[in-house]
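So the chains spell out like this:
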Amino acid sequence: MQIGIIGMGRMGGNIARRLVQAGHAPFVFDRNENAIQAVVSDGAAGATSIEQLITLLEPPRAVWIMLPAGEPTEDMVTRLSLLLSPGDVIIDGGNSFYKDDLRRAETLKALDIHYVDVGTSGGVWGLERGYCMMIGGEAEIVDRLDPIFDALAPGQGTIPRTPGRDGPGCDSRAEKGYIHAGPAGAGHFVKMVHNGIEYGLMAAYAEGFDILKNKGSERLPEAERFDLNLTDIAEVWRRGSVISSWLLDLQADALVQNPELSQYSGKVNDSGEGRWTIDAAMEEAVPAYVLSAALLARFRSRSDNTFGERLLSAMRAGFGGHVEMPQ
């Protein structure tokens, strides 16, 4: 299946590569010609401009935008709306705010151009592991694009089936790693909350390891101090523990490489979804103590940071390639 992809960054390039591996035909564009050539060398077809990209695709076209949320994506949606034809589809696979999706879908509807939002999780590991996707848009259009989503998704793999999922109301696509969450905006809304939860999980690990590390502090009575091996603790918790997870795998990997995590500053960024999740919680009057505290901890880390915040940086580097160097 043909698809245009704009943005050959950490995820966009690997999305194109995974589609090539599955036998699809991605046509790619990026402002950086070297980024285009890197993906072309792996089997994709390159375009020298947005206009050429559109002409290379057979209608009805589908163009996947993989750009930073905000102005870059907004400008690209507007630009594509002037180039595409009725029946074509614009897919936003980045981390846009779901209320922007609602507005864009309504604007494009007047042009008979369809809009699909895809909350995409998988980071720099997506090429190998596949992408977990939460999709918003018209059911007919999402179904039309199913071969693309099916190829990008991780598949059922070795994860055991949840008992009872053969019953009514269970979408078989969820077991493959993607869902049609609802109308336009629903995909990014679900991904937004996913990222808010991610903040909370990461903060819990970071705080826990901070407590373990500081058990050797001189502030404690000498008889109560422990010199704990955090590398071994992370490893043993990976095996049979109730708190085992991919995030813990990333921590174990980071700690075995450098137990002090000195390559990280501990100044932890946030990409917006955590803030939007708290905004949604306030709109819905839903208490979100853990998620709020996790977001605020990231704010505080930029003025003063701890070992736990360096561990947060290590996890972000592990799953998303986010680099926060010492300052």
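Look up a bit, the structure's there.
Residues numbered from 1 in each chain as written. Predicted model: local features only at pLDDT ≥ 70, side-chain atom pairs only at ≥ 80, totals over all residues. Heavy atoms only, no water.

Novice: Describe the sheet that holds strand β3 (residues 45-46), naming the residues involved and giving the relevant values.
Specialist: The strands that make up a sheet are held in pairs by hydrogen bonds between backbone atoms, and each pair lies either parallel or antiparallel. Taking strand neighbours across the sheet as the criterion, the eight strands line up as β3-β2-β1-β4-β5-β6-β7-β8 in an open arrangement whose pairing is mixed. Only two strands of the sheet have a single neighbouring strand rather than two, namely β3 and β8 (178-182). (Pairing = 2+ DSSP bridges. Helix = DSSP H or I, 4+ residues; strand = E, 2+ residues; numbered from the N terminus.)

Novice: Describe in detail the environment of Met66, supporting the description with residues and values.
Specialist: Within the secondary structure, Met66 is located in the loop between β4 (62-65) and α4 (71-81). Put simply, Met66 and Thr120 are 54 residues apart on the chain and 9.9 Å apart in space, counted from C-alpha to C-alpha. Those residues in contact with Met66 that sit more than four places away from it in its chain are Ile6, Gly7, Met11, Gly12, Ile15, Gly93, Gly94 and Thr120. (Contact = heavy atoms within 4.5 Å.)

Novice: So what about unusual backbone geometry? Which residues, and what values?
Specialist: Between Pro59 and Pro60 the backbone carries a cis peptide bond, its omega angle lying at -5 degrees. For Pro60, the location among the structural elements is in the loop between α3 (50-56) and β4. Notably, Ala285 is not glycine yet its phi reads approximately 55 degrees, a positive angle. Relative to the assigned elements, Ala285 resides in the loop between α13 (273-284) and α14 (289-301). On the basis of relative accessibility, which here comes to 67%, the residue Ala285 falls in the exposed class. (Buried < 20%, exposed > 50% of the residue type's maximum accessible area, 1.4 Å probe, protein only.)

Novice: Talk me through helix α2 (residues 33-40); I want residue IDs and the actual numbers.
Specialist: Within α2, burial applies to Ala35, Ile36 and Val39. The arc that holds every buried residue of α2, seen down its axis, measures 100 degrees, which confines them to one face. Away from the buried face of α2 by more than 90 degrees, exposed residues Glu33 and Asn34 are located. Along its buried surface, α2 packs onto α1 (12-21), β2 (25-29) and β3. The backbone nitrogen of Asn34 has a side-chain oxygen 2.8 Å away, supplied by the residue at the start of α2, namely Asn32. (Arc of directions from axis to C-beta. Polar contact = N/O pair within 3.5 Å; in protein donor to acceptor, adjacent residues only side chain to side chain.)

Novice: Run through the layout of surface pockets, naming residues and quoting values.
Specialist: Of the pockets and cavities examined, the second largest pocket occupies roughly 200 Å³. Contributing to the lining of the second largest pocket are Ala105, Glu106, Lys109, Asp112, Ile113, His114, Tyr115, Gly137, Glu138, Pro183 and Ala184. Looking at the lining of the second largest pocket, the element that brings in the most residues is helix α5 (residues 98-109), giving three residues. (1 Å grid on protein atoms, 1.4 Å probe; cavity = no way out; pocket = protein on both sides within 12 Å on 5 of 7 lines; lining within 4 Å. Points joined across faces, edges and corners; volume = space filled by probe spheres on them.)

Novice: Account for the environment of Met133, naming residues and giving values.
Specialist: Relative to the assigned elements, Met133 resides in strand β7 (residues 132-136). Using a relative accessible area of 1% as the deciding quantity, one classes Met133 as buried. Separated by 69 residues in sequence, Met133 and Met202 place their C-alpha atoms 21 Å apart. In this structure Met133 touches Trp64, Val118, Gly119, Thr120, Phe149, Leu152, Ala153, Gly177, Tyr178 and Ile179, once residues within four positions along its chain are discounted.

Novice: Explain the nonpolar core to me, and be specific about the residues and the numbers.
Specialist: Ranked by internal contacts, the top residues of the largest apolar core, which has 51 residues, are Trp64, Leu80, Met133 and Phe149. Core analysis: the second largest hydrophobic core is formed by 23 residues, Leu230, Tyr264, Val268 and Leu311 among them. (Core = buried A, V, L, I, M, F, W, Y, C linked by side-chain atoms within 4.5 Å.)

Novice: Requested: an account of the pairing of β4, with residues and values cited.
Specialist: On β4, burial covers both faces: Ala62 and Trp64 on one face and Val63 and Ile65 on the other are all buried. As paired elements, strand β1 (residues 2-6) and β4 share three bridges and run parallel to each other. If you follow Gly4 over to β4, its bridge partner there is Val63. Pairing geometry for β4 and strand β5 (residues 89-92), over four bridges, is parallel. Across the sheet, Ile65 pairs through a bridge with Asp92, a residue of β5. With respect to chirality, the unit in which β4 leads through α4 into the neighbouring parallel β5 is right-handed. (Right-handed = clockwise from strand over helix to strand, strands pointing away.)

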